[in-house]
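# Summary of structural features
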Amino acid sequence: MSARADRAAARAADLDEARDERYANPFAPPDETEAAAEARPRSLFGEILDWMLAPLLLLWPMSLAVTYLVAKSIANGPFDRALETDAYVLARQIHPVNGVAELTLPDSTRDFLRTDNVDSVFYQVLGTRGELVAGERDMPLPHEDDRPQPGLVAFRDDMLRGNDIRVAYTTVEFPQTPGAEPVLVQVAETLDKRSQLANDIIKGVILPQFVILPLAIILVWFGLSRGLAPLHALQSNIRARRPDDLSPLEADRAPPEIAPLVASFNDLLTRLEQNMEFQKRFIADAAHQMKTPLAGLRMQAELALRQDVSNEVQRSLEQIATSSEHAARLVTQLLALARAENRANGQIFSHVELTDLARLAVRDWVQAALAKRMDIGYEEPPYPVEVEGNAVMLREMLSNLIDNAIRYTPTGGRITVRVRADETNVDLVHLEVEDTGLGIPPAERERVVERFYRILGREGDGSGLGLAIVKEIATIHGGTLAIQDHVYQEAPRLAGTLVRVSLQRVYPARDKP
């Protein structure tokens, strides 16, 4: 019992060690060998096509073999009957003379047996004592047990002088000669006409199959395509849906085979819609429950600062007010990022006038810029510019760009917000925010869009979420985010930051160029 327990403990230890090694890094990519070992699901169309064509391609050679055998049987029929007639004619010309078989064959009959344009014809008559009466001496003989009864003709395949022959043979009995063996009569011919006829039959059968088989494959392909058309229609219907469309699919119009799949998918959509509603309700409740205490904390700290308190208490109150302000801003950004990541959260895209939206966003940040003695400006084209999107999310994106510019630009700097159309592509519009700050090094530009990432050594009280929100909203709207240098006009050696979001422009039907 102890040895068995030790072995069980050793196996358990090995399993634990293997499991620990496998899950040592839960974020590691899956093993490529395990991924390769898993069989990739095959196409349903290919699977059905294989199971339909494989038997067809397997039966086709079998049908050729059967056709060849049937063709040979058909080809042998008329020639065997002709050979049988020759054997009967030859047998009737045998008469006994003094107990010895004698063949009285007229010249016309002899010429008839010899005449053939394709095959060679042979005959042989063996007498009652096995002597050669007429014909070919070297014709092969049948087995004694295979000799037919008198008056009956039998057939066999044999060889003569290296050629395949078909032999018809019969026997003739002389009742008036007791003890004499029956006379053996054999008529043979080569197989050229038979082979030619069999080949003609096979060609007549096989050649149409070479046309019918590809047509059958095409018809099978077309039939499968038509049969799977409802699946493609269902796929197109799902792909064409908007991200916010969670309405159930029409299960009544689906074929009975995929109706359970459609019903399961509709059930999934229903549960997903419920989860989305719970998430939106949670976001709204969280925004209210978290913002209100933080705002109250800041207000209480500012009221306390108006009182006559010691310097230490005043610094603590100032720190509380600043921290509560930062916490409120962080909560706002986290909720904005959560809304942006939820692409199917019921937001409906429509035409948004980008110049009006940018002008209002800049107006919201004028006081914050003046508090740091910054010059904030706005530039727009002399014509309206529209994009397809969600106005709330686009304004949140621009607000984060302006907020970042204010936070990371030194006091007395300059910020410019700009809406402009692309010079080379009329269907592209750029939303730009440039500042006269310290700039972002090229090596850091890919990382600053990550969540909570901040460049080391930079002053500022940001949370590292602003550009992550900007990138997420730009991606949802099918746009791109680019970070470049903004060269000072008065000092070309110094560079600030130019952040550009490029979006697809849309036109009213009457204004499209």
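Further up the page is the structure itself.
Bear in mind the structure is a predicted one, so any value in this text is a computation, not a measurement. (Residues numbered from 1 in each chain as written. Predicted model: local features only at pLDDT ≥ 70, side-chain atom pairs only at ≥ 80, totals over all residues. Heavy atoms only, no water.)

Looking only at helices and strands, one finds 12 helices and 14 strands in the protein. Residues counted as buried form 35% of the 513 residues belonging to the protein. Taking the contacts inside the protein whose residues are at least 6 apart along the sequence as the reference set, 63% of them involve residues at least 24 apart. As presented, the protein carries roughly 31900 Å² of accessible surface, and 56% of it is formed by carbon and sulfur atoms. (Helix = DSSP H or I, 4+ residues; strand = E, 2+ residues; numbered from the N terminus. Buried < 20%, exposed > 50% of the residue type's maximum accessible area, 1.4 Å probe, protein only. Contact = heavy atoms within 4.5 Å. Areas by Shrake-Rupley, 256 points an atom, 1.4 Å probe, with all protein chains shown as cover.)

Quick look at the pairing of strand β2 (residues 100-103) now. Residues Ala 101 and Leu 103 of β2 are buried on one face, while the alternating residues Val 100 and Glu 102, pointing to the opposite face, are not. Where strand β1 (residues 94-97) lies against β2, four bridges are found, and the strand directions are antiparallel. From the neighbouring strand, Val 97 faces β2, where its bridge partner is Val 100. (Pairing = 2+ DSSP bridges.)

Within the fold, Glu 131 resides in the loop between β3 (121-126) and β4 (132-135). Given the relative accessible area of 24%, Glu 131 is considered partly exposed. It is 9.5 Å that separates the C-alpha atoms of Glu 131 and Val 183, two residues lying 52 residues apart in sequence. The residues contacting Glu 131, other than those within four sequence positions of it, are Val 100, Val 125 and Leu 126.

What follows covers the side chain of Asn 390. Positionally, Asn 390 belongs in the loop between β10 (386-389) and α11 (391-408). On the basis of relative accessible area, Asn 390 is assigned to the buried category, the value being 7%. Of note is the side chain of Asn 390, whose polar atom sits 3.0 Å from the backbone nitrogen of Met 393. (Polar contact = N/O pair within 3.5 Å; in protein donor to acceptor, adjacent residues only side chain to side chain.)

What the rule picks out here adds up to zero aromatic pairs. Taking the ring centre of Tyr 169 as reference, the NZ or CZ of Arg 156 above it sits at 4.9 Å. (Phe/Tyr/Trp six-rings, centres within 6.5 Å; stacked < 30°, edge-to-face > 60°. Lys NZ or Arg CZ within 6 Å of the ring centre and 35° of its normal.)

The five strands are arranged β4-β3-β7-β6-β5 in an open sheet whose pairing can be described as antiparallel. Both edges of this open sheet fall to β4 and β5 (154-160), since each of them pairs with a single strand only. The mean angle between the axes of side-by-side strands here comes to 25°, regardless of whether they run parallel or antiparallel. Two strands pair when backbone bridges link them, and β3 and strand β7 (residues 183-190) are joined in this way by six bridges, in the antiparallel orientation. Pairing of Phe 122 across the sheet is with Ala 188, part of β7. (Axes fitted to C-alpha atoms, helices over the stretch in contact; angles between N-to-C directions.)

Our focus in this paragraph is the packing of helix α9 (residues 354-364) against α11. Two numbers describe how α9 lies on α11: the axes approach to 10 Å, and their chain directions differ by 45°. Relative to α11, α9 is oriented oblique. Relative to α11, α9 is oriented so that their crossing is right-handed. Packed against α9, whose contacting residues are Leu 357, Ala 358, Leu 360, Ala 361, Val 362 and Asp 364, the element α11 presents Ala 391, Leu 394, Arg 395, Leu 398 and Ile 402 at the interface. The residue makeup of the contact of α9 with α11, split by class, is nine nonpolar, no polar and two charged. (Parallel < 35°, antiparallel > 145°, perpendicular 65-115°, else oblique. Left-handed = near helix turned anticlockwise from the far one by under 90°. Nonpolar A, V, L, I, M, F, W, Y, C, P; charged D, E, K, R; others polar.)

For the rest of this paragraph, the subject is the nonpolar core. The biggest cluster of nonpolar side chains holds 39 residues, and the ones touching the most others in it are Met 397, Leu 398 and Ile 402. The set of elements that each furnish at least two residues to this core consists of α9, α11, β11 (414-421), β12 (428-435), α12 (466-476) and β14 (495-506). Not counting residues up to four positions away in its chain, the partners in contact with Leu 398 are Leu 357, Ala 358, Ala 361, Val 417, Leu 431 and Val 433. If you look at the next biggest cluster of nonpolar residues, it comprises 19 residues, including Ala 87, Tyr 123, Val 153 and Val 185. (Core = buried A, V, L, I, M, F, W, Y, C linked by side-chain atoms within 4.5 Å.)

Our next topic: the pattern of salt bridges. All told, the structure shown has 21 salt bridges when counted by the stated rule. Across the pair Glu 144 and Arg 147 runs a salt bridge, and its minimum N-O distance is 3.6 Å. On the basis of relative accessible area, Arg 147 is assigned to the partly exposed category, the value being 22%. When the shortest N-O distance is used, the salt bridge between Glu 380 and Arg 359 registers 2.8 Å. Of this pair, Glu 380 sits in the loop between β9 (375-379) and β10 while Arg 359 sits in helix α9, placing them 21 residues apart in sequence. Put simply, Asp 80, Asp 119, Asp 157, Arg 166, Glu 189, Lys 193 and Arg 194 are held in one network by salt bridges that share partners. (Salt bridge = Lys/Arg side-chain N within 4 Å of Asp/Glu carboxyl O.)

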